[in-house]
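Listed below, chain by chain, are the residues.
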Amino acid sequence: MKFAYKFSNLLGAFYRHGNLCFSKDGNSVISPVGNRISVFDLKNNKSETLPVSTTKNISCLGISPDGNLAILIDEDGAAILVSLVTRAVLHHHHFHSPVHSVSFSPNGRKFVITKENVALMYNAPGRNREFNAFALDKSYYGPFDETTCIDWTDDSKCFAVGSKDMTTWIFGAKRWANLIYYSLGGHKDIIVGCFFEKDSLNMYTVSQDGTLCVWESDSELEELVMGPKYSERKKMEEEKKRKNEDDDVEDIVGEDGETRGDVIKGSADAPEQVEGIKNVRYSQKSKHYFNKEGDFNKLTAAAFHKKTHILVTGFASGAFHLHELPGFDLIHSLSISDQRISTIAMNPTGDWIGFGCSGLGQLLVWEWQSESYVFKQQGHFNSMNSLAYSPDGQYLVTGGDDGKVKVWNTNSGLCFVTFTEHSSSVTNVVFTSSGFVVVSASLDGTVRAFDLHRYRNFRTMTSPRPAQFSSLAVDGSGELVCAGSQDSFEIFLWSMQTGRLLEVLSGHEGPVSNLCFSPVRSVLASVSWDKTVRLWDMQDSWQTKETLRLTSDGLAVAYRPDGQELAVASLNGEITFWNPQSGGQVGSITGRHDLQMGRKETEKITAKQSAKGKSFTSLCYSADGESILAGGQSKFVCIYNIKEQVLMKKFEISCNLSLDAIEEFLDRRKMTEFGSLSLVDEGAGDGDGVELSLPGVKRGDMSSRHFKPEIRVSSLRFSPTGRSWAAASTEGLMIYSLDASLVFDPYDLDMDVTPASIRQQVKKKEWASAILLSFRLNEMPLIREVLEAVPYYQITVVCSSLPDVYVDKLLDFVASTLEKSNHLQFYLSWAQCLLILHGQKLKNRSGAILPTIQQLLKSIQRHSDDLSKLCDWNIYNIRYAAALSKQRGMKRIAAESLSDEEEEEEEMDSGGDEENITNV
């Protein structure tokens, strides 16, 4: 059970490359992140990464109109069909060359992909179970150069394809007699977007140089009529050709590459106009130009909403413009980034606009009517070096090479605060025991403390001489802060209260690679490249209490949660275990072969040889102290059983071939007589890898180059609840959680213990017996069914009759169920009764049940936050309604008094008139 972890979420990355899509209801945005896709719920402010992946980075994705299917296509053209309902892969297909775009027809029956200079139309997979879900229907040829974009008419009769040859081609999804295909020119640069008007054949085309062309058709969609088959049409053309051999017929459409431009001359092979049917013709109605700031501010992305006639265009400078068409009226423009906007998408209602910037990994959703951000997130755009869980497991903090410290909510998966005070790479981050202070160490020579109440840097600690801090530790009280230097070989000790330097601990003869405080004693463990682990007593004048000798350079050190064991990872690939009291070694694990390194493209030696120099660089004990996580410069994370000293499971962090050192063997097709093709510098290339530019240059850098990031795991941490663990890797922050639904783990099973017998006990109202039997079978849905059948007034009686061994199991089940259940008071009553009736016994074995208690606290805190927000919102609404009714009441009283006055005046006027009549 304890090793049944599965991938649950990806944090720290929001967008990499490809196009964005909105869900059918428009409340979620779907973003490609490397070789996975993440779904961000904008209404509930949550994120989810689907448990499916492609072999390389996703280059484009398409969502079906009903929102149930998604097609993911990677850089090589390998596609997978994914069900967004079941989160499962339904079909694999390979297009054998890079695909530029994919789009479903509005009726959901077809989808078109563009690769090279060809558009391929497939029958969309439907409800019928088919052997081949991707059945090719038609192939469309026409453009000379690579295709860039696709758009459909609303009735799915025609689609348009933009190309790098500066033309836009309109094709019929069926063989229409008056529109087979049509070519539009008028541009002087690559086509970025082509869009049909709503329920019309009129078009807008946008090119990279900032030109918008408005095209008007002389026909409506209803005027498209089915034509004869190709063979019949060919016969008709041959017959007409014999009759008019000397006539030169001008036509709009062309079958081969000779007929291009705004007005196209029909060739001998061009289909003639069918008698009685008028061919569709286009004319350029107008041309508009966007404001440009030189050649480096090119138009990079565009999106059009047909119902509202809003055109959104993004530029290389990070600015975007909103125009209303066809009048080309500027609504507003805004700069949202200092990097190029890679993709733009609009939700079905046209209220929200999604932007993706691949340079910094930004994902933004903008509401253009209120001019406010709905969603604004950015991950670490360089390597993530360190992570730490808060004591209650609700938050995660990460530090990266970009000098930023980010704090994440584990429930929503989103970052809610970013600290940018560091001026260099952040090497380590930790939470204090209170959970409201984050401490970070950096290569800029500072250790900073951040307050999570006011979101500010309230303490900055420095050393007397400039030093680069590579390790960090905070004691259990949160008063002492230690940081190890990698250049002066010293450990610096500060007071959190005053920020003063208390002591400089000297003794190591090499860079200090890691620090760790004992959870139960005031003892600091430090490991160094000098092959020693030193234990420093913080209460006895900070003297060295013990020195442990290693056989190789020390890289990582970790204390067991009870403080009775110390684990050390060394350069020779071993993990050694020590008794910190006696200073003796109690065990060791040789893990070099478990790392299973891949071969980098630039390496001259095989992966098997290079693995001899690799080792674990991060260690973390599980919450119960029975197992240990280990990771390093590999795509694998290993979990070992400490008592048996054996490998229990290996987790593959990534299978993305766009990263380096994934494959064990190099592709011989890339090997030439001069060496590997990967060693050839091709400049900026076509977008593969991560772009690097010269320092200080923001735009127009002609020296930009690319590299493939190497897969590695820089930090590992178990959640205090014990139900999940996190790994900081090249892909991002990977979260792995326990999957109880897939594991059958019975306890004290017997032949008589069956679901039928358990339900029989429930019918007899033998609640305690039914609960014990359900835990012996250990099926979670059955336990939930039995527990929720117990009457509310019987909870105290049932809890008092439970044996001690089942109290822990029931408390653990209540803690995990409470997090997602709607029966809040019911499960809180169970937890309260268990803690009151068995509190003393639970306290005696507090070390074993500590993860359960922390999980319970996390669940209660989450519900408390949700309820407090709901109550605050209700109070606000009630006050608003009261004020509104009061205001209307005052207006009503004023109106009534005014009407009374008017009536009195009328009576007085009528009385005066009667007197005048009498006098007369």
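Criteria and thresholds
- Residues numbered from 1 in each chain as written.
- Predicted model: local features only at pLDDT ≥ 70, side-chain atom pairs only at ≥ 80, totals over all residues.
- Heavy atoms only, no water.
- Helix = DSSP H or I, 4+ residues; strand = E, 2+ residues; numbered from the N terminus.
- Buried < 20%, exposed > 50% of the residue type's maximum accessible area, 1.4 Å probe, protein only.
- Contact = heavy atoms within 4.5 Å.
- Areas by Shrake-Rupley, 256 points an atom, 1.4 Å probe, with all protein chains shown as cover.
- 1 Å grid on protein atoms, 1.4 Å probe; cavity = no way out; pocket = protein on both sides within 12 Å on 5 of 7 lines; lining within 4 Å.
- Points joined across faces, edges and corners; volume = space filled by probe spheres on them.
- Nonpolar A, V, L, I, M, F, W, Y, C, P; charged D, E, K, R; others polar.
- Phe/Tyr/Trp six-rings, centres within 6.5 Å; stacked < 30°, edge-to-face > 60°.
- Salt bridge = Lys/Arg side-chain N within 4 Å of Asp/Glu carboxyl O.
- Pairing = 2+ DSSP bridges.
- Patch = residues over 30% accessible without salt bridge, like charges linked within 9 Å, V, L, I, M, F, W, Y side chains within 5 Å.
- Core = buried A, V, L, I, M, F, W, Y, C linked by side-chain atoms within 4.5 Å.
- Axes fitted to C-alpha atoms, helices over the stretch in contact; angles between N-to-C directions.
- Parallel < 35°, antiparallel > 145°, perpendicular 65-115°, else oblique.

Looking now at the overall build of the protein chain. The secondary structure content of the protein chain amounts to 10 helices and 60 strands. For the protein chain, buried positions account for 52% of its 920 residues. Restricting to contacts in the protein chain with at least 6 residues of sequence separation, those with at least 24 account for 49%. Element-wise, carbon and sulfur atoms account for 49% of the exposed surface of the protein chain, whose accessible area totals about 43,400 Å².

Summed over all chains, the structure comprises three cavities of 30 Å³ or more. Its boundaries defined by the atoms lining it, the largest cavity holds a volume of some 60 Å³. Lining the largest cavity, in full, are Ser518, Arg521, Val523, Leu535, Lys545, Tyr559, Gly563, Pro580 and Gln581. Grouping the constituent residues of the lining of the largest cavity by class yields four nonpolar, three polar and two charged.

Below, the discussion takes up the packing of aromatic side chains. Per the stated rule, a full pass over the model turns up 42 aromatic pairs. Both rings, one in Trp152 and one in Phe159, keep their centres 5.2 Å apart while their planes meet at 45 degrees; by these two values the pair is tilted. There is no split in this pair, since Trp152 and Phe159 are both buried. Centroid distance Phe159 to Phe171: 5.7 Å. Interplanar angle 40 degrees. Geometry classified as tilted.

On to the pattern of salt bridges. Taken as a whole and assessed by the stated rule, the structure comprises 16 salt bridges. With a closest N to O distance of 3.1 Å, Arg759 and Glu785 form a salt bridge. Within this pair, whereas Arg759 is found in helix H4 (residues 755-763), its partner Glu785 is found in helix H6 (residues 780-789), the two being separated by 26 residues in sequence. Within the structure, one salt-bridge network assembled from shared partners comprises Lys110, Asp137 and Lys138.

Turning to the pairing of strand E24 (residues 319-324), a few remarks are in order. Of all six residues in E24, five are buried, a share of seventy percent or more. Relative to E24, strand E23 (residues 310-315) is paired through five bridges, and the arrangement is antiparallel. Pairing of Gly314 across the sheet is with Phe320, part of E24. In sequence, E23 turns back onto E24 through a hairpin of three residues, with Gly318 there showing a positive phi of about 95 degrees. Hairpin connection of E24 to strand E25 (residues 329-335): four residues between the antiparallel strands, including Phe328 at a positive phi of 55 degrees.

A cluster of nonpolar side chains, contributed by Trp873, Tyr876 and Tyr880, occupies part of the molecular surface with about 390 Å² of accessible area. One can find Trp873 in helix H10 (residues 846-919).

Counting 36 residues, the largest nonpolar core has Ile771, Leu787, Leu810 and Trp830 as the members making the most contacts within it. Of all the elements in the fold, those that place two or more residues in this core are H4, helix H5 (767-777), H6, helix H7 (795-800), helix H8 (804-818), helix H9 (824-844) and H10. With near-sequence residues (within four places) excluded, Trp830 lies in contact with Ile771, Leu787, Val790, Ile795, Val798, Cys799, Leu810 and Val814. Residues Leu20, Leu42, Met384 and Ala728 belong to the second largest nonpolar core, which totals 24 residues.

Before going further, it helps to examine the packing of H6 against H9. Two numbers describe how H6 lies on H9: the axes approach to 11 Å, and their chain directions differ by 90 degrees. Put simply, H6 runs roughly perpendicular to H9. Side by side, H6 and H9 meet where Arg784, Leu787 and Glu788 of the first sit next to Phe826, Tyr827 and Trp830 of the second. Here the residues of the contact of H6 with H9 sort into four nonpolar, no polar and two charged.

The next thing to look at is the environment of Ile795. Here Ile795 is to be found in helix H7. Between the C-alpha atoms of Ile795 and Ala768, which are 27 residues apart in sequence, the distance is 9.7 Å. Excluding anything up to four places from it in sequence, Ile795 contacts Phe826, Ser829, Trp830 and Cys833.

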